[in-house]
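Each chain is listed here by its residues.
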Amino acid sequence: MHIDVNNAFLSWTAVDMLSHGYKTDIRNIEAIIGGDESMRRGIVLAKSMVAKARGVKTADTIKDAKRKCNNLQIFPPNHKLYQEMSNKLFKLISNYTPDIQKLSIDECFIDYTKVRNLYGDPIKFAYKLKHEIKTKLGFTVNIGIANNKLCAKMASDFTKPDRVHTLFQSEIKSKMYPLPIESLYGVGKSTSKKLRELNINTIEDLACSDVNKLYKYFKNQTEKLIDSAKGIDNSVITFKHEVREGISNSTTTSCNLNNIDEIYKCLYPLVQNVTSSLRKMNKYTSLVSVTLKDKNFKTYSHQKKLKNPTSNTDEIYSISKTLVKELWNLEPIRLVGVSLSKFSNELTYQVSLFEDIKNVENNNELDKVIDKLKDTYGTNIITKASELKK
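Report on the accompanying structure. Each chain has its residues counted from 1, running along the sequence as written. Local features in a predicted model are, by the rule used here, given only for residues with pLDDT of at least 70; side-chain atom pairs are given and counted only at 80 or more, and totals for whole chains, interfaces and linings are based on all residues. Note that the side-chain values use all heavy atoms of the structure and ignore hydrogens as well as water.

1. With respect to the pairing of strand β7 (residues 141-146)
So, point 1. Note on classification: 1.4 Å probe, protein chains only; a residue is buried when its accessible area is under 20% of the maximum for its type, exposed when over 50%, partly exposed between these limits. The numbering of helices and of strands both runs from the N terminus, where a helix is a DSSP run of H or I of at least 4 residues and a strand a run of E of at least 2. Extensive coverage of β7 is indicated by the burial of 6 of its 6 residues.
So, point 2. Across the two faces of β7 the burial is the same, with V141, I143 and I145 and N142, G144 and A146 all buried.
So, point 3. In this structure, strand β1 (residues 2-5) lies alongside β7, joined through 4 bridges in antiparallel fashion. Looking at the pairing, H2 lines up with G144 of β7. Here, any two strands with at least 2 DSSP bridges between them count as paired.

2. Observations concerning the pattern of salt bridges
Pairs can form between side chains of opposite charge once their charged atoms are near each other.
So, point 1. By definition here, a salt bridge exists when the distance from a side-chain nitrogen of Lys or Arg to a carboxyl oxygen of Asp or Glu is within 4 Å. If you walk through the whole model with that rule in mind, you get 16 salt bridges.
So, point 2. Ionic pairing is found between K128 and E132, a salt bridge with its closest N-O pair at 3.8 Å. Of the two residues, K128 and E132 both sit in helix α6 (residues 122-137), 4 residues apart, roughly one turn of that helix.
So, point 3. According to the relative accessible area criterion, E132 is buried, its value standing at 11%.
So, point 4. D157 is the partner of K160 in a salt bridge, and the nearest nitrogen-oxygen pair spans 3.5 Å.
So, point 5. Exposure remark for K160: the relative accessible area of 40% places this residue in the partly exposed category.
So, point 6. One salt-bridge network, in which partners are shared between bridges, spans D4, E107, K153, D157 and K160.

3. Description of the pairing of strand β2 (residues 31-34)
So, point 1. Residue alternation in β2 divides its side chains into two sets, A31 and I33 and I32 and G34, and both sets are buried.
So, point 2. Here β2 runs beside strand β4 (residues 73-75); their pairing, made up of 3 bridges, is parallel. Paired with I33 across the bridge in β4 is F75.

4. Remarks on the layout of surface pockets
So, point 1. When its volume is computed, the second largest pocket comes out at roughly 610 Å³.
So, point 2. Residues are called lining when one of their atoms sits within 4 Å of a cavity or pocket point, these points coming from a 1 Å grid over the protein atoms alone, where a cavity is a set in which a 1.4 Å probe fits but cannot get out and a pocket is an open set with protein on both sides within 12 Å along at least five of seven lines. Along its surface, the second largest pocket is lined by 25 residues, and V5, N6, N7, A8 and M49 are the ones closest to its centre.
So, point 3. Only β1, α1 (8-19), β3 (44-47) and α2 (49-53) provide two or more residues apiece to the lining of the second largest pocket.
So, point 4. If one sorts the elements of the lining of the second largest pocket by residue count, α1 sits on top with 4 residues.
So, point 5. Across the lining of the second largest pocket, the residue classes tally to 8 nonpolar, 7 polar and 10 charged. Grid points are joined across faces, edges and corners, and a volume is the space filled by probe spheres set on the points. Throughout, the ten residues Ala, Val, Leu, Ile, Met, Phe, Trp, Tyr, Cys and Pro are labelled nonpolar, Asp, Glu, Lys and Arg are labelled charged, and all others, Gly among them, are labelled polar.

5. Here's the deal with the packing of aromatic side chains
So, point 1. Pairs were defined over the aromatic rings of Phe, Tyr and Trp, the Trp ring being its six-membered one, requiring ring centres within 6.5 Å. Orientation was assigned from the angle between planes: stacked under 30 degrees, edge-to-face over 60, tilted for the rest. For the structure on display, the rule yields 8 aromatic pairs.
So, point 2. Ring centres 5.8 Å apart and planes at 75 degrees place the aromatic pair W12 and F139 in the edge-to-face group. Placement of the pair is W12 in helix α1 and F139 in the loop between α6 and β7, with a sequence separation of 127 residues. F139 matches W12 in its accessibility class, with the two residues each being buried.
So, point 3. A ring pair is formed by Y96 and Y119, whose centres lie 5.3 Å apart and whose planes are at 80 degrees; its orientation type is edge-to-face. Pair noted here: Y96 is in the loop between α4 (79-94) and β5 (100-104) and Y119 is in helix α5 (residues 116-119), with a separation of 23 residues, a long-range link.
So, point 4. A relative accessible area of 15% means that Y96 is categorised as buried.
So, point 5. Ring pairing ties together the aromatic residues F9, W12, Y82 and F139, which thus form one cluster.

6. Remarks on unusual backbone geometry
So, point 1. Going from K160 to P161, the amide bond is cis rather than trans, its omega being -5 degrees.
So, point 2. Here P161 is to be found in the loop between α7 (149-156) and β8 (164-167).
So, point 3. Positive phi is not limited to glycine here, since N7 has a value of about 50 degrees.
So, point 4. Among the structural elements, N7 can be located in the loop between β1 and α1.
So, point 5. On the accessibility criterion, N7 (26% relative accessible area) is partly exposed.
So, point 6. Positioned with a positive phi, D162 is a non-glycine residue whose angle comes to about 60 degrees.
So, point 7. Along the chain, the position of D162 falls in the loop between α7 and β8.

7. Here we look at the side chain of T222
So, point 1. Turning to its location among the elements, T222 is positioned in helix α12 (residues 222-229).
So, point 2. Under the relative-accessibility criterion, T222 is labelled buried at 1%.
So, point 3. When sequence neighbours within four positions are dropped, the list of residues in contact with T222 reads V211, L214 and Y215. Pairs of residues are marked as contacts when any of their non-hydrogen atoms sit within 4.5 Å.

8. So, the nonpolar core
So, point 1. Joining through side-chain atoms within 4.5 Å is the link that ties buried Ala, Val, Leu, Ile, Met, Phe, Trp, Tyr and Cys residues into a set, and such a set is a nonpolar core. Core analysis: the largest hydrophobic core is formed by 38 residues, its most contacted members being F139 and I143.
So, point 2. If you list the elements that add at least two residues to this core, you get β1, α1, β2, α4, β6 (107-110), α6 and β7.
So, point 3. Looking at which element gives the most residues to this core, the answer is α4, with 7 residues.
So, point 4. Setting aside anything within four residues of it in sequence, one finds I143 in contact with M1, H2, I3, A126, L129, K130, S156, R163, V164 and H165.
So, point 5. Membership of the second largest hydrophobic core comes to 28 residues, among which are L257, C266, Y300 and I333.

What follows is the structure, given as structure tokens:
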């Protein structure tokens with residue numbers, strides 16, 4: 001089964017507002033969740049069904065959304081709330097099965113096969129679970145039921161909201177084949193555009209395509225594309241019960257960054273933030289990642305695995321600068337982000353002939369002193385001379 005929250009950010013905001021005495025359910029009016037327009041975070045993150053009916057789309061600018069909806073009400077995102085609501089959802093589902101694969105903050109797969117003898121008919125169970133989520137948590141979900149993950153995901157995307165849909169093998173030709181090619185899970189904009197150019201307009205068209213004829217366009221992805229169109233998916237639900245550790249920080253800039261020094265300047269406080277958090281956890285990172293989003297909202301990421309785990313600000317900043325240099329394609333940048341992962345509890349260091357271990361230790365101690373000063377007197381109390389303009 002695939003379980004997907006209907007319009008998660010807006011629904012969760014509505015539930016929270018109603019619980020605090022707000023008289024209007026924003027799911028029933030022209031409403032969106034959107035960023036601060038004045039700070040260039042002004043895009044639609046989620047919209048009500050009423051706003052959707054007026055033509056508002058996710059990722060529209062707030063300016064465009066206002067033009068489509070005269071009475072549009074805009075509410076800010078609340079990521080702390082979203083995480084709390086997500087935790088409640090997955091906790092409720094885990095009462096029935098621990099075999100949950102989380103796809104994102106608002107959707108997951110569950111392996112129902114192992115618990116079917118406990119709860120019986122899958123369709124009846126799905127309706128029961130959907131109703132329980134609605135009554136206990138206050139928001140609705142769609143549930144897709146199928147013989148594999150691909151078809152379960154496709155089923156949950158059928159008509160919304162608050163629905164249960166099936167897409168069993170016997171239903172693929174009637175329910176899935178007529179859909180436009182863009183509806184096939186895993187087919188992005190560039191792939192669907194290319195398929196359209198090849199006169200492959202529906203999922204059935206792709207399912208009936210010749211592998212050899214498509215291979216020159218999609219190479220090793222060809223067989224997977226055609227199998228998906230046929231509803232074939234042999235991937236298993238992965239439900240390793242592990243904690244994914246990571247620290248990240250990003251910022252949307254007030255104006256486009258057009259040269260690499262501007263990006264570096266924006267990057268440094270982000271690195272300071274994540275490395276300070278890392279040191280407070282008494283952890284060391286072995287993987288540094290940088291993300292850039294250009295003026296066209298296209299996102300790029302690059303990462304580097306470290307030979308020696310570290311928590312040193314200057315070292316991670318230097319690595320991040322290198323990643324930016326390798327990643328940036330000269331398009332104006334509107335968002336910069338950095339993240340750390342693959343943590344360890346101990347500092348193990350392989351010293352080369354050209355490195356001074358004493359300098360490494362001194363830099364680590366200096367970072368700790370700076371952290372303590374900033375925690376006590378504020379983030380602007382001290383700045384490294386290396387970061388001042390010459």
